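This is what each chain is made of:
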Amino acid sequence: MDSSTPVQRQWRILIALMHRRQGQTVKELSQEFEVNTRTILRDLNTLRQAGFPLSERVSEFGRKHWRLTEGGPRAPIHFTWPEAVSLYLGRQFLDPLAGTYFWKSAQTAFTKIQSMLGEAALSQLEKVSRHFFQTIPGRPDYSGKAEVIDRLMQAVEEQRIAFVAYQSERATEPVSLEMYPYGIAYHKGALYLVAWSRDHDSIRHFKIDRVSGVDIQQLQFTPDPDFSLEKHFANSFGVFRSEAPEQPPLQRIRIRFAPSVARYVQEKIWHASQQLKRENDGSVTLELQLENTQELKSWIQSFGPKATVLEPKSLKTEIIDELKQTLESYNRHKSVPN
């Protein structure tokens, strides 16, 4: 019995048909992937409806062969030289998804780009690539999470209820949670599942690093038609949101950044609601509208004394209290020998 998920199997069917110019019959595909012919037909129709150029050809013995055609409005795909170079130089940014079938197929694509560019061009590009470096402190390793990610994507795409084995940061062992998966968010190199949790009776975020298993059910769920990941994160500074059952009101937040870091703050878009005001002394005031400040606090504190919260007073008080606790911790251990 084929142990792969529909998404994986459909991907493998495409690869199989790509390498077999004469095509394959439904029966042949059924035997290769160890599923019944109805499943193969459903996979083929799903791929064709998605826009992949699949067609049926009747052989001289009346057998129907499915094949991946070279023509069509979307194929073949040709890259200009600058496009090929840019994709090749950007290959390192797919490393967080290493081990998944997306990543493996991307490596095949990069191999083709290599052959297109030739040895001389590649030698020059390798010199250029040494001037680009992707930092990795704290970056998750998803090389062993390929099946978990694929099953979660299947549950999202097919709107199926799933029981997810999840071990929270403070838990000693994983627990099974019933979830309605809505989507996956990518934040600071890490993947998060966005799902309605029956156990919490609300939409929560679950770090995929802490997911050890996914059991997809036959039952489907009906998602909120007004939900979208973009709207869901619109009033957040990152992936952390309030866990209160009711949506909290927006807070007006103002932070003053010293002249020495003003340019750095001005160079980036931190949030869709941001407003920047240059002050006469060279400092910058950043104004945001957010629901939750949990992740924002850590970001503000990363600037040390060069960032000062002007409002709201509650946020300013929280940061002062945390800085006092940090100072007390250092004072308790300052006499400890190295």
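Source: prediction; values computed, not measured.

A. Spotlight on the nonpolar core. Residues L152, V164, M179, L193, F206, I208 and V214 are the most contacted members of the largest nonpolar core, which totals 24 residues. For this core, the secondary-structure elements that each account for two or more residues are α7 (146-158), β3 (160-166), β4 (175-187), β5 (190-197) and β7 (211-220). Aside from chain neighbours lying at most four places away, what touches F206 is Y166, L177, M179, L191, Y192, L193, A195, S197 and H200.

B. Quick look at the sheet that holds strand β6 (residues 202-207). Pairing in this open sheet of five strands is antiparallel, and the strands run β6-β5-β4-β3-β7 from one edge to the other. The sheet is open, and its two edges are formed by β6 and β7, each paired on a single side. Pairs of neighbouring strands in the sheet enclose a mean axial angle of 45°, with direction left out of account. Pairing between β5 and β6: six bridges, direction antiparallel. Residue W196 lies in a different strand from β6, and its bridge partner there is I203.

C. Region of interest: the side chain of E178. Of note, E178 is situated in strand β4. Among residues more than four places away in sequence, those in contact with E178 are I161, A162, F163, W196, S197, R198 and D199.

D. Broad picture of helix α1 (residues 6-19). Taking 1.5 Å per residue as the helical rise, α1 with its 14 residues ought to reach 20 Å, and the 20 Å between its terminal C-alpha atoms agrees with that figure. Here α1 has its buried residues at P6, V7, Q8, R9, Q10, I13, L14, A16 and L17.

E. Structural context of the pairing of strand β9 (residues 275-278). The pairing of β9 with strand β10 (residues 284-290) spans four bridges and is antiparallel. The residue bridging R278 from the neighbouring strand is V284, located in β10. Following β9, the chain reverses through five residues before pairing antiparallel with β10; G282 in that reversal takes a positive phi of roughly 95°.

Cut-offs and rules
Residues numbered from 1 in each chain as written. Predicted model: local features only at pLDDT ≥ 70, side-chain atom pairs only at ≥ 80, totals over all residues. Heavy atoms only, no water. Core = buried A, V, L, I, M, F, W, Y, C linked by side-chain atoms within 4.5 Å. Buried < 20%, exposed > 50% of the residue type's maximum accessible area, 1.4 Å probe, protein only. Helix = DSSP H or I, 4+ residues; strand = E, 2+ residues; numbered from the N terminus. Contact = heavy atoms within 4.5 Å. Pairing = 2+ DSSP bridges. Axes fitted to C-alpha atoms, helices over the stretch in contact; angles between N-to-C directions. Expected span 1.5 Å × (residues − 1).

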